[in-house]
Amino acid sequence: MAASFLRKIFEQWNRRLPTIGALDFAFFMVAVVSGVILVLPYDVTAPKDSLQVMMLTSQGGVFFRSLHYWSAQAFTVLALLHVIEFLLKKGEEKVSSGLWIRLSVGIPVILYVMLSGFILKGDAEAELARQIFGGLVEALPLLGDYLSFIFLGREGDLQIVYVHHAATATLFTWIIIIEHVKRFWPDLVSHIYAMGLSIVFSVIIPASLHSSGDPVVKGPWYFIGFQEILHWMTRPVLSVAVLVLFLSVFMGLPKINEKYRSRVKIFFSSMLFIYFIFTIIGWAFRGAGWQFQVPWQ
Amino acid sequence: MNETETRKLDRKSFLKIIGGALALVPLFLIFPLIKKRIMFMSKKKLVEIPLDIQEGITFFPDCIVNRRGKEVKVFSSRCSHLGCRINRQMGSELVCPCHGSRYSTDGEILSGPAARDLEVLEYRADEKTKKYIITIPV
């Protein structure tokens, strides 16, 4: 019932507006172009300072950083919606097995692009996110230290994260999108929507840095739920094992018998819903020092 | 079509296998490079702090110092759960900002998710320079 309701919503959306996938691609391009502009004033050896100087001394700096921020947020949200829409349409049956695997890998890559961008802010929240994921990857047996270095570099050195954010992971995402949609650029109408919405949000709510006087430090919104889960896990490495297992099952989805596949999809939807609940708990009811607080405090 | 024909390796599959195998070669070359880079960046660090450090808890980027009169305790600021830097005291507790593990001011675990105490660090007092020299492990 929920599936048919969602299917109807997606159908209505795609009939009246540019499709979710096309809009998502357009937001991605806005994020890429605004990101290229930000490369010029950004200094990887003094990330927070360079961003502060840029935002305090230039209206253009505030605008382009906000444009990058909002287009990237929209890209993430729409990517998630597009995955749900794709699964509802049984899209896994319509693509080759190789492309399905690459699309599946694209999900953690998108999250990595987002996380690396968050870390590059260089403020207290960014440092917290880097420490959590650095610690999590380092805890992996055998290859943990290598993987942590490859994806996150060393503590206090953002060079590797910067290169991956600006080049490696972004290029990978772009290539996957091109292979998926079979075109290099988004269509003009989607581009106008994406650009217009990003500009409106950038002007109304400019992206800010975490204030050093604010005792409440949280990760990015899409990982707040994960942070809550880790709060309950004495052995955090198990969370990585579970995520790898989920991703493996997701990759193998087209190979699963159709009778069981819908059950697997229901399971994934339930997990997503539970994750959403954890996100709300972490976002609304977690105060400084992990004390309970109500949202209006 | 008989069984021998279906098992026959075509040119495309052959090239795919060879391509995949060749892709592994750079991995073998890259790993020693990464290992050397990690070793270069992961050296033991010595931190110096003044001998007349204030009473109570003082946070440094790599360590936490608890001074009570002449007694000085030094422990790592890395939480034993996921290695986050502890930089906050709430009442008589040290709280990890990442997942809320709580420790006493002596570095003993009070509540999880961390399961172990904070690592106690070795230090020596250098009367010449009037500093404590603390060894920070890798």
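About the thresholds
What you see as residue numbers is a count from 1 along each chain, following the sequence as written. To read the labels, note that chains go from A and ligands from 1, taken in the order they are written. Per-residue local features are limited, in this predicted model, to residues with pLDDT of at least 70; the limit for side-chain atom pairs, both in listing and counting, is 80 or more; totals at the level of whole chains, interfaces and linings are taken over all residues. The secondary structure listing takes helices from DSSP runs of H or I that are at least 4 residues long and strands from runs of E that are at least 2 residues long, numbered from the N terminus. Helices are assigned an expected span. That span is 1.5 Å times one less than the residue count. What counts as a domain boundary in this text is fixed by an automatic or database domain assignment. For two strands to count as paired, DSSP must find a minimum of two bridges between them. Axis lines are fitted to C-alpha atoms, over the contacting stretch for helices. Their N-to-C directions set the angle, which ranges from 0 to 180 degrees.

Enquirer: Which parts of the structure should I look at to understand helix α4 (residues 59-88) of chain A?
Expert: One turn of the α-helix equals 3.6 residues, which is why residues spaced by three or four share an orientation. The terminal C-alpha atoms of α4 of chain A, which comprises 30 residues, lie 43 Å apart, in line with the 44 Å expected from a rise of 1.5 Å per residue. Immediately beyond the C-terminal end of α4 of chain A, within one or two residues, lies K90 of chain A, with a positive phi of roughly 55°.

Enquirer: Would you explain the domain arrangement of chain B in this entry?
Expert: When the domains of chain B are assigned, the result is domain 1 (3-41) and domain 2 (45-136). Measuring from the centre of the C-alpha atoms in domain 1 of chain B to the corresponding centre in domain 2 of chain B gives 46 Å.

Enquirer: Before we go on, may I ask you to explain the sheet that holds strand β4 (residues 71-76) of chain B in this structure?
Expert: As a general point, the strands of a sheet are linked pairwise by backbone hydrogen bonds and lie either parallel or antiparallel. Residue and element names in this part refer to chain B. Ordered in space as β2-β3-β4, the 3 strands form an open sheet in which the pairing is antiparallel. At either margin of the open sheet sits one strand with a lone partner, and together these are β2 (56-59) and β4. Each neighbouring strand pair of the sheet contributes to a mean axis angle of 20°, computed without reference to strand direction. In terms of strand pairing, strand β3 (residues 63-68) meets β4 through 6 bridges, oriented antiparallel. Bridge pairing in β4 links C63 to S76.

Enquirer: I would appreciate a short explanation of unusual backbone geometry in the present structure.
Expert: Residues and elements named next belong to chain A. Positioned with a positive phi, K90 is a non-glycine residue whose angle comes to about 55°. Structurally, the position occupied by K90 is in the loop between α4 and α5 (97-119). A positive phi angle, near 60°, is found at K182, a position not held by glycine. Looking at the element boundaries, K182 is found in the loop between α8 (159-181) and α9 (188-204).

Enquirer: Can you help me understand the sheet that holds strand β10 (residues 131-136) of chain B in this one?
Expert: Residue and element names in this part refer to chain B. Pairing is antiparallel across the open sheet formed by 3 strands, whose spatial order is β1-β10-β9. Only two strands of the sheet have a single neighbouring strand rather than two, namely β1 (45-50) and β9 (123-126). Between one strand axis and the next, the sheet turns by 25° as a mean value, whatever way the strands run.

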